[in-house]
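# Notes for the structure review
Single-letter residue listing:
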Amino acid sequence: MTIPSTVVEVGDWAFSSCQSLPTVSFPTTALTELGEGAFSNCSELTSVSFGGTIPTALSDSLFSNCISLESATWLQYNNITSIGNKTFYNCYSLNNVTLPNSLTSIGNQAFYSNYAMENITIPSGVTSIGANAFENCSGMTFVNINSDEVSIGDNAFECCNNITTITIPESIFSIGTNAFAFCENITNVYFSENVKMTIMKANLFSERNRYESYFNTQAGTHRYRSRCEIFTVVYAY
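Source: prediction; values computed, not measured.

## Remarks on the overall build of the protein
Helix and strand counts for the protein stand at zero helices and 17 strands. Burial analysis of the protein (237 residues in total) assigns 49% to the buried set. Sequence separation of 24 or more characterises 41% of the internal contacts of the protein that already satisfy a separation of 6 or more. Of the roughly 10300 Å² of accessible surface on the protein, a fraction of 44% belongs to carbon and sulfur atoms.

If you want it as structure tokens, here you go:
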């Protein structure tokens, strides 16, 4: 489906549950609004393209439950500053995502259950990763957090079963409860010696109070048991 160039606004839930909609193409129009849930529940939608600019804030549930959506490469070519709650919720097939350097916040459950996503790089300007933002992205193996100062929400990366290594930058501010719970294949977690973090909540790597620890900035290596597996936390890298 090609949207006419005269269209500059797409209202809330405008195309929601259009089950047979395979593609959407916007011409060179400078869109001023993409409403909440505008393309949600379009189960056959595989691709969306934008020839012009789009709003800097992606609305809540914009593509939620678009289980066939494979790519969102257009993200990197727009000056997007925020991704809303559940924007790409349950987009099972989404595997090509590059977040723009203009991004500052990622909403709650923004990429929940994106099984096909293999890696993600968090740009330096991001200050907030919402609760459950990447929960159940079971195909993810690599997370690169480049942010200058970021808070990671509760359960943000829970059940990302294939992540093996996490590097926490010195600029991180806080990590929420269960942020990496049930990430059963983690083998190493690296913290900078000069980390600025002030808050590390309970059950960071597990659903149980099995190895709750107090954060310190001293160099050293500590071993923890997580769901019958041993992994290593290294302070300073």
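## Points about unusual backbone geometry
You will see that Lys86, though not glycine, has its phi angle at about 60 degrees, which is positive. Tracing the backbone shows Lys86 in the loop between β6 (82-83) and β7 (105-106). Given the relative accessible area of 32%, Lys86 is considered partly exposed. Of note in this structure, Phe182 is not a glycine but carries a positive phi near 60 degrees. Looking at the secondary structure, you find Phe182 in the loop between β13 (174-175) and β14 (188-191).

## Details of the nonpolar core
Core analysis: the largest hydrophobic core is formed by 59 residues, its most contacted members being Phe39, Phe63, Trp74, Phe88, Phe111 and Phe134. Mapped onto this core, the elements with two or more residues apiece are β2 (23-26), β4 (47-50), β8 (119-122), β10 (142-145) and β12 (165-168). Discounting chain neighbours no more than four positions away, the residues touching Phe63 are Phe39, Ser40, Leu45, Val48, Leu69, Trp74, Thr87, Phe88, Tyr89 and Cys91.

## Examining the packing of aromatic side chains
Given two aromatic rings, one states the distance between the centres and the angle between the planes to describe the pair. Scanning the model with the defined rule gives 14 aromatic pairs in all. For the ring pair Phe26 and Phe39, a centre distance of 6.3 Å and an interplane angle of 85 degrees mean the geometry is edge-to-face. Here Phe39 lies in the loop between β3 (33-34) and β4 and Phe26 lies in strand β2, a separation of 13 residues in the sequence. Site record: aromatic cluster; members linked through ring pairs are Phe15, Phe26, Phe39, Phe50, Phe63, Trp74, Phe88, Phe111, Phe134, Phe157 and Phe180. Positioned over the ring face of Tyr89 is Lys86, at 4.9 Å from the centre of the ring.

## A word on the environment of Leu75
Its location among the elements puts Leu75 in the loop between β5 (57-58) and β6. Since its relative accessible area comes to 0%, Leu75 is described here as buried. If we ignore the near neighbours within four places in the chain, the residues touching Leu75 are Leu58, Ile80, Phe88, Val97, Thr98, Leu99 and Pro100.

## Looking at a nonpolar patch on the surface
A cluster of nonpolar side chains, namely Ile67, Tyr92 and Tyr115, defines an oily patch on the protein surface of about 240 Å² accessible area. Checked against the element boundaries, Tyr92 lands in the loop between β6 and β7.

## Observations concerning the side chain of Ser64
For Ser64, the location among the structural elements is in the loop between β5 and β6. Beyond its immediate chain neighbours, meaning those up to four positions away, Ser64 contacts Ser40, Asn41, Lys86, Thr87 and Tyr89.

## Details of the environment of Met1
On the secondary structure map, Met1 appears in the segment before β1 (9-10). Under the relative-accessibility criterion, Met1 is labelled partly exposed at 36%. For the pair Met1 and Val24, spaced 23 residues apart in the sequence, the C-alpha separation amounts to 4.9 Å.

## Looking at the confidence of the model for the protein
In this model, the protein carries a mean pLDDT of 82, and residues with pLDDT of at least 70 account for 80%. Predicted confidence for residues 208-237 stays below pLDDT 50, and this span has 79 contacts to residues more than four positions away or in other chains.

## Remarks on the pairing of β4
Only one face of β4 is buried: it carries Val48 and Phe50, and the other face, with Ser47 and Ser49, is open. Note: β2 against β4, four bridges, orientation parallel. The residue of β4 that forms the bridge with Val24 is Val48.

## Thoughts on the environment of Asn132
Examined against the element boundaries, Asn132 turns out to sit in the loop between β9 (128-129) and β10. Its relative accessible area of 18% is what places Asn132 among the buried residues. Sequence separation between Asn132 and Asn108 is 24 residues; the distance between their C-alpha atoms is 5.7 Å. Ignoring anything within four residues of it in the chain, the contact list for Asn132 reads Gln109, Tyr112, Asp154, Asn155 and Ala156.

Thresholds applied
- Residues numbered from 1 in each chain as written.
- Predicted model: local features only at pLDDT ≥ 70, side-chain atom pairs only at ≥ 80, totals over all residues.
- Heavy atoms only, no water.
- Helix = DSSP H or I, 4+ residues; strand = E, 2+ residues; numbered from the N terminus.
- Buried < 20%, exposed > 50% of the residue type's maximum accessible area, 1.4 Å probe, protein only.
- Contact = heavy atoms within 4.5 Å.
- Areas by Shrake-Rupley, 256 points an atom, 1.4 Å probe, with all protein chains shown as cover.
- Core = buried A, V, L, I, M, F, W, Y, C linked by side-chain atoms within 4.5 Å.
- Phe/Tyr/Trp six-rings, centres within 6.5 Å; stacked < 30°, edge-to-face > 60°.
- Lys NZ or Arg CZ within 6 Å of the ring centre and 35° of its normal.
- Patch = residues over 30% accessible without salt bridge, like charges linked within 9 Å, V, L, I, M, F, W, Y side chains within 5 Å.
- Salt bridge = Lys/Arg side-chain N within 4 Å of Asp/Glu carboxyl O.
- pLDDT = per-residue confidence, 0-100.
- Pairing = 2+ DSSP bridges.

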